[in-house]
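So you can see what is in the structure, the chains are spelled out below.
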Amino acid sequence: MQIIPFNNINHKKIKVGVISFFLRNKTSIVSILLILLFISLYFLIDFSTQSLVAHDEGLYARRARLIESSDNWLYPPFKSPHHKTLGSYWFIALFIRLFGNSELALRLPSILSSFFCLISSYLIALKITNKKSALISLFSLSSMPLWIQYSRYASPDLPFVFCILLFVLFFLKSLEASEYMRQYFYIFISGLFASASFFIRSYMAFVPLIGLSPFIFFHLFRKEYFSKIFFCAGIFIGSIPTCLNFYFSYKQFGIIGITALFDFAKKQAVGEVGYNNLLLIPLNFFYLTFPIGILIIILFVFTKSNNQIKYPLLAYLYPLLSLILLLCMSKSYPHYYLFLLPSLSIIFANYLSSNSFRYFFSISTIRYLLFTIFILVSFILLLSIVNYKDLVIQYSHGNPSIVYIPILFLVLSYFTSIRFLFNIKDLRFNLINIFYNIIIPQYVSLSLLFNFGVLGNPNYKTKLFLKDDDVSLIINSNTIYLYSLDSKTQTLLSYYLPSSEVVDDFDDFVNHKYVITSDISSINYFNKSKLFKSIKKFDNNILLMNTSN
C-alpha cells in the first residue's frame with residue numbers, strides 16, 4: 001500500500017480551497033483586479049520621461065515656487081499686480097514643498113484631483129440616474145483624451161473641477177438628508193466649496209456657478225431659513241482666503257492689485273468673437289472627447305432615453321447655460337470646457353444605458369455610421385505609425401514598442417467592435433458592449449502613452465540637455481544667464497534653473513561666465529572672436545562659456 005506524504009495532502013487541499021474560493025468569488029475578484037489596474041494607470045508614471053509644456057506648465061511651476069519660498073502664501077510675491085488669485089498655485093506650491101522641484105510635485109495635484117473627480121462624478125451620477133449609468137459615466141469621463149491629458153498637467157484646472165463637483169455633491173446630499181443637522185452640515189460644506197472655487201480658478205469659477213444658479217436657487221428657496229443661513233455661512237468662510245489675497249494685493253500694489261484680476265477677466269470674456277474659434281470648437285469637441293462626443297450625437301439623433309433622470313436643472317440646464325457662456329467669450333481654450341466633461345459623461349450614460357430607437361432606420365444607420373468611424377480611425381492610426389516611423393522612434397526614446405503595442409491594441413478593439421456590429425445570429429446589437437470594447441482599450445492605451453512620455457512630453461530635448469553630465473556640473477554650481485531666448489524656452493529654463501537670470505542688455509551678456517542664448521548673430525560673432533566657448537547645444541539654443549573670465 002502506497003502512503004501519500006502529508007505535505008502532498010495539504011498542498012492538494014490548499015489548491016482545491018483556493019480554486020473553490022476563486023470560483024465562488026469570481027466576480028468580486030475580477031472586479032477588484034480591474035479596479036487595481038484602473039488605479040495603477042493613474043499613478044504608475046515614469047517621471048524621467050516627462051517634461052513641462054510651455055507656456056502654461058512652466059509659468060504655473062515658476063509662480064508656485066515663488067509662493068512656496070515666500071513666508072506668506074496670501075501675499076503676492078510678484079513684482080507687478082497679478083491677474084490670478086493665489087489659490088491657482090497653492091496645490092502645486094504645497095507639493096513642491098513636500099517633494100521638491102520635480103514633474104512629480106508639479107503634476108501630482110492634477111493626478112490626485114482627477115482621480116477624486118471620477119469618484120465624485122460617479123456619486124453624483126448615482127444620485128441623478130442609476131448604478132448602471134453611473135458606471136458608464138465613470139468610464140466615459142476617464143477615457144476622454146482631454147481628461148487624460150489634463151490629469152497629468154501642472155495646472156489648477158482639475159483641482160477646480162474637483163471643487164465644483166464637491167459643491168454639487170454636498171448640495172445634493174443636503175437635499176436627500178433626513179436629519180436637520182446633516183442638512184446644515186452638507187449645505188455649509190457646499191457653500192464652502194462654491195466660494196473656494198473662485199480662489200482656485202478666479203473669474204473662470206463664474207461660468208459653472210452661473211450655470212448652476214437655477215438649480216441651486218430653485219432648491220434653496222424651497223428650504224427653510226436655517227439652511228439658507230448655513231449655505232451663506234459656508235460661502236463666507238470659503239471666501240476668507242480670497243479676501244485676504246485681495247487685501248494683501250491692495251496693500252502692495254494699491255487698487256490695481258485688485259482690478260488687474262477683473263481686467264484680465266474682461267479681456268478674456270469681452271471683445272470680438274473669434275469666428276475661427278467657432279469653427280475649431282466642434283473639431284476640438286470631437287477630437288478631445290472621442291469617442292463620447294460622436295456617440296452622444298448619434299444617440300441623441302437616432303435614439304431616445306428610457307431612463308427617468310432626477311434634477312433636470314442640474315443634468316441638462318447647467319451644462320447648457322455654461323456652454324452658452326463659454327461660446328460667448330471672446331477667447332476660449334479647450335481646458336475651459338473641462339468642468340463640463342462630467343456632465344457630458346452623465347448625459348451620455350443616461351442615453352446609452354437604456355434607450356429605444358426613434359426611427360425604423362435607426363439601427364441600420366447607427367451600424368453603418370459606427371462601422372465607418374471605426375474603419376476610418378483604425379486606418380488613421382495604422383497610417384500614422386507606418387508613415388511616421390522616425391517620429392515614433394524619436395518620441396518613444398528609442399523604444400518604439402511602447403508606441404506600437406498600445407496603438408495596435410486600440411486598433412484591435414475597433415475591429416472586434418465591428419464584429420459586434422454585424423452579429424448575424426442576433427440582429428439586435430448591444431451598444432453597451434461595443435462601448436466597453438472601445439473605451440477600456442482607449443483608456444489603457446492613452447494612459448500608457450502619457451505615462452511613458454510619448455504624449456505630453458514636448459520639451460524632452462531641454463530635459464536631456466539639463467541632464468548632460470557636463471551641463472549639470474556647470475548649472476549646479478554657477479548662475480546661468482539667459483539671453484535672447486524664445487519665450488517658451490525662457491519660461492522652461494527659468495523654472496528648471498532656479499538660479500538663472502534673464503539678461504536683456506548685450507553689454508551685460510559679455511560680462512557673464514555662462515550664458516544660454518539662441519541669438520545666431522551673437523553666436524557667430526563670439527565664435528569668430530573666440531570670446532566664448534561652446535559647451536552644449538540643444539535645438540536652436542547653445543550654452544556658452546566666457547573664456548575671458
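See above for the structure.
Scope of this entry: the structure provided in the associated data block. (Residues numbered from 1 in each chain as written. Predicted model: local features only at pLDDT ≥ 70, side-chain atom pairs only at ≥ 80, totals over all residues. Heavy atoms only, no water.)

### Digging into the state of the cysteines
And step 1. Across all of its chains, the model carries zero disulfides by this definition.
And step 2. Looking at the unpaired Cys163, the closest cysteine sulfur is the one in Cys117, lying at 9.7 Å.
And step 3. Exposure remark for Cys163: the relative accessible area of 4% places this residue in the buried category. (Disulfide = S-S within 2.5 Å. Buried < 20%, exposed > 50% of the residue type's maximum accessible area, 1.4 Å probe, protein only.)

### Considering the pattern of salt bridges
And step 1. According to the stated counting rule, one finds seven salt bridges in the structure shown.
And step 2. A salt bridge links Arg107 to Glu57; the shortest N-O distance between them is 2.9 Å. One end of the pair, Arg107, is in helix α5 (residues 103-128); the other, Glu57, is in helix α3 (residues 56-69), with 50 residues separating them in the sequence. Residue Arg107 shares its accessibility class with Glu57, and that shared class is buried.
And step 3. Between Arg201 and Asp157 there is a salt bridge whose closest N-O contact spans 3.1 Å. Of this pair, Arg201 sits in helix α9 (residues 180-201) while Asp157 sits in helix α8 (residues 157-176), placing them 44 residues apart in sequence.
And step 4. What makes Arg201 buried here is its relative accessible area of 4%. (Salt bridge = Lys/Arg side-chain N within 4 Å of Asp/Glu carboxyl O. Helix = DSSP H or I, 4+ residues; strand = E, 2+ residues; numbered from the N terminus.)

### Side note on helix α10 (residues 206-220)
And step 1. The principal kink in α10, of about 45°, is found at Ser213, preceding the proline Pro214 by one to four residues.
And step 2. Those residues of α10 that fall on the buried side of the exposure criterion are Val207, Pro208, Gly211, Leu212, Phe215, Ile216, His219 and Leu220. (Bend = angle between axes of the 7 residues up to and from the residue.)

### Section: the sheet that holds strand β6 (residues 532-538)
And step 1. Pairing is mixed across the open sheet formed by five strands, whose spatial order is β4-β3-β5-β7-β6. With partners counted over all chains shown, the strands left at the sheet margins are β4 (501-503) and β6, one partner each. Each adjacent strand pair in this sheet contributes to an overall mean axis angle of 30°, direction not counted.
And step 2. Here strand β3 (residues 481-483) runs beside β4; their pairing, made up of three bridges, is parallel. Looking at the pairing, Leu482 lines up with Val502 of β4.
And step 3. On top of the sheet, helix α24 (residues 487-496) reaches β3, β4, β5 (514-517), β6 and β7 (541-546); it is set at about 175° to β3, its chief contact. (Pairing = 2+ DSSP bridges. Axes fitted to C-alpha atoms, helices over the stretch in contact; angles between N-to-C directions. Contact = heavy atoms within 4.5 Å.)

### Side note on the packing of α5 against helix α6 (residues 131-143)
And step 1. Two elements in contact, α5 and α6, have axes separated by 8 Å at closest approach and are oriented at 150°. As judged from the angle between their axes, α5 and α6 are roughly antiparallel. Pair α5 / α6 crosses with right-handed handedness. Contacts from Leu118, Ser121, Tyr122, Ala125 and Leu126 in α5 reach Lys131, Ala134, Leu135, Ser137, Leu138, Leu141 and Ser142 in α6. (Parallel < 35°, antiparallel > 145°, perpendicular 65-115°, else oblique. Left-handed = near helix turned anticlockwise from the far one by under 90°.)

### Considering helix α20 (residues 401-421)
And step 1. Here α20 is 21 residues long and its end C-alpha atoms lie 30 Å apart, about the 30 Å a rise of 1.5 Å per residue gives.
And step 2. Here α20 has its buried residues at Ile402, Val403, Pro406, Ile407, Leu410, Val411, Ser413, Tyr414, Ser417, Ile418 and Leu421. The arc that holds the buried residues of α20, viewed along the axis, is 155°, so those residues lie on one side. Turned more than 90 degrees from where α20 packs its buried face, Ile405, Leu412 and Arg419 sit exposed.
And step 3. The inward-facing, buried residues of α20 contact α18 (362-387), α19 (389-395) and α21 (431-451). (Expected span 1.5 Å × (residues − 1). Arc of directions from axis to C-beta.)

### Some points on the pairing of β7
And step 1. Buried residues dominate β7, accounting for six of its six residues.
And step 2. Residues of β7 alternate between two faces, with Asn541, Leu543 and Met545 on one and Ile542, Leu544 and Asn546 on the opposite face, all of them buried.
And step 3. Relative to β7, β5 is paired through four bridges, and the arrangement is antiparallel. By the bridge assignment for β7, Thr517 is matched with Ile542.
And step 4. Here β6 runs beside β7; their pairing, made up of six bridges, is antiparallel. Considered in β7, the bridge of Lys537 is made with Ile542.
And step 5. Counting the residues between successive antiparallel strands, the hairpin from β6 to β7 contains two residues, one of them, Asp539, with a positive phi of roughly 50°.

### Comments concerning the packing of α10 against helix α16 (residues 312-328)
And step 1. Interaxial distance between α10 and α16 falls to 8 Å at its minimum, and their mutual angle equals 150°. Classed by the angle they form, the pair α10 and α16 counts as roughly antiparallel. Here the hand of the crossing between α10 and α16 comes out right-handed. Contacts from Val207, Pro208, Ile210, Gly211, Leu212, Pro214, Phe215 and Phe218 of α10 reach α16 at Leu313, Leu314, Leu317, Tyr318, Leu321, Ser322, Leu325 and Leu326.
And step 2. For the contact of α10 with α16, the class distribution of residues is 14 nonpolar, two polar and no charged. (Nonpolar A, V, L, I, M, F, W, Y, C, P; charged D, E, K, R; others polar.)

### Observations regarding the layout of surface pockets
And step 1. Each pocket or cavity is described by its volume, and for the largest pocket that value is around 1300 Å³.
And step 2. What lines the largest pocket is a set of 42 residues, among which Tyr287, Leu381, Leu446, Leu449 and Leu455 lie closest to the centre.
And step 3. Those elements that provide at least two residues to the lining of the largest pocket are α7 (145-150), α14 (275-288), α18, α19, α20 and α21.
And step 4. Residue contributions to the lining of the largest pocket peak at seven residues, all from α18.
And step 5. Of the residues belonging to the lining of the largest pocket, the class tally is 32 nonpolar, eight polar and two charged. (1 Å grid on protein atoms, 1.4 Å probe; cavity = no way out; pocket = protein on both sides within 12 Å on 5 of 7 lines; lining within 4 Å. Points joined across faces, edges and corners; volume = space filled by probe spheres on them.)

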